[in-house]
Amino acid sequence: MMEPSKVEKVDLVGVGLNATDTLIPVAHYPVRGTKVVIRPTTVLPGGQTATAVVACQQWGLRTRYVGKVGEDGAATLHGTEFARLGVEIHLLPAPGCPSQQAFILIDDSGERTVLWRRDQRLTLRPEELQRDWIINSRALHVDGHDTEAAAQAAAWARGADVPVIADLDELYPGVEALLKNVDYLITSRDIPGKLVGTENLQESLPAVHSRFGCRLTAATLGQDGVLAWDGKRFHYARAFCVETVDTTGAGDLFHAGFIYALLQGWPLQKRLDFACAAAALNCTGVGARGGIQPVQKIELLMNTGPRYPAVYPF
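Residues numbered from 1 in each chain as written. Predicted model: local features only at pLDDT ≥ 70, side-chain atom pairs only at ≥ 80, totals over all residues. Heavy atoms only, no water.

A. Molecular detail of the nonpolar core. One finds Trp59, Phe254, Phe258, Leu272 and Phe274 to be the most contacted residues of the largest nonpolar core, which totals 48 residues. Looking at this core, the element that brings in the most residues is helix H9 (residues 268-282), giving 10 residues. Among the nonpolar cores identified, the runner-up in size contains 31 residues, and Leu129, Ala149, Ala151 and Phe212 belong to it. (Core = buried A, V, L, I, M, F, W, Y, C linked by side-chain atoms within 4.5 Å. Buried < 20%, exposed > 50% of the residue type's maximum accessible area, 1.4 Å probe, protein only. Helix = DSSP H or I, 4+ residues; strand = E, 2+ residues; numbered from the N terminus.)

B. Region of interest: the pattern of salt bridges. Per the stated rule, a full pass over the model turns up 16 salt bridges. With a closest N to O distance of 2.9 Å, Arg118 and Asp146 form a salt bridge. With Arg118 in the loop between strand E7 (112-117) and helix H3 (131-135) and Asp146 in the loop between strand E8 (137-142) and helix H4 (147-159), this residue pair connects regions lying 28 residues apart in the sequence. Pair check on accessibility: Arg118 and Asp146 agree, each one buried. Close ionic contact of Arg125 with Glu128 constitutes a salt bridge, the shortest N to O distance being 3.4 Å. The exposure class assigned to Arg125 is partly exposed, which follows from its relative accessible area of 38%. When its relative accessible area of 19% is taken as the criterion, Glu128 is described as buried. Several salt bridges share partner residues, and in doing so they unite Lys68, Arg125, Glu127 and Glu128 into one network. (Salt bridge = Lys/Arg side-chain N within 4 Å of Asp/Glu carboxyl O.)

C. The environment of Arg289, seen in detail. Examined against the element boundaries, Arg289 turns out to sit in the loop between H9 and helix H10 (295-304). Exposure remark for Arg289: the relative accessible area of 14% places this residue in the buried category. Non-local contacts of Arg289, meaning those with residues more than four positions away in its chain, are made with Pro45, Gly46, Ala50, Thr51, Val54, Glu81 and Asn282. Engagement of the side chain of Arg289 in a polar contact is seen with the side chain of Thr51, the distance being 3.2 Å. (Contact = heavy atoms within 4.5 Å. Polar contact = N/O pair within 3.5 Å; in protein donor to acceptor, adjacent residues only side chain to side chain.)

D. Structural detail: the side chain of Gln57. As for its placement among the helices and strands, Gln57 is situated in helix H1 (residues 48-58). Its relative accessible area of 15% is what places Gln57 among the buried residues.

E. Region of interest: the sheet that holds strand E9 (residues 164-168). Pairing within the open sheet is mixed, and its 9 strands lie in the order E5-E4-E1-E8-E9-E10-E11-E12-E13. Across the chains shown, the open sheet's two edge strands, defined by having one partner strand only, are strand E5 (88-93) and strand E13 (234-237). Adjacent strand axes in the sheet meet at a mean angle of 15 degrees, parallel and antiparallel pairs treated alike. Strands in contact with H9 are strand E10 (184-188), strand E11 (216-220), strand E12 (226-229) and E13; relative to E13, the strand with the most contacts, it is inclined by about 30 degrees. (Pairing = 2+ DSSP bridges. Axes fitted to C-alpha atoms, helices over the stretch in contact; angles between N-to-C directions.)

F. Here's a closer look at the sheet that holds strand E3 (residues 42-46). Taken in spatial order, the 4 strands make up an open sheet running E3-E2-E6-E7, and their pairing is mixed. Strands with a single pairing partner mark the edges of an open sheet, and in this sheet they are E3 and E7. Neighbour to neighbour, the strand axes of the sheet diverge by 25 degrees on average, direction disregarded. Relative to E3, strand E2 (residues 19-25) runs antiparallel, the two sharing 5 bridges. The residue bridging Thr22 from the neighbouring strand is Val43, located in E3.

Here you go:
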């Protein structure tokens, strides 16, 4: 008889990136060879998976985060913030190197451009994970950057009937080993086409769905909303109109919103609408986590807020 796990059951475990973001406001994106005045900068915690976990924690879910940090003040910043919010953390140290950094230019329209660096010693390795961290959860979220570790976590999750949500904005080497165990693949606009060789999302989303056996394949489209394929039909949600301050973290909050809605057992269309509303509201604050709003405010926007015109008829 197996000994019961001593790891607490949580709603969501996230395995993936954290980053320290230096936000740099500028009037416009610099033209090559020119000089541009910057406004006062801000340093805030971010990172795809870390931000999604933080949002879900703030919405009342129990969460766990697993990631790598260096030996610097950024590691302390992340640890302090996770602890303040009540996230269970497993910050694995990488001796002798800095934590991941991002320098983010934000123009007056709120659009962001990210410059980042990550020491190879920050790579999370499969042998650094513990299976109990993964299977004692209701959902696993990965970004796929440390692909081998993400693939191992996803395989454990699949074996324990824990749904896996993946946020991909790059095709990392070996990503197919991860994708075969992903249930909900929600990517940036161009990723499905890169996987199957066609830019038409109405062709690429079903093709990726069929190839990897996902429950859902979807692409986020910024102001054009999100398009998803569930294996039988398309689902489309329009983006919400807000006063945009900073688009940093919009995709992270979309994934967080989708995960929260998934764990509430909501229908797919409501999941997509809630995720769009959460992402939109995050754009009204500064930083990856600056516009995380309470569930009630997200639902209010979802039910009453103005939307951008539809680009798909579904």
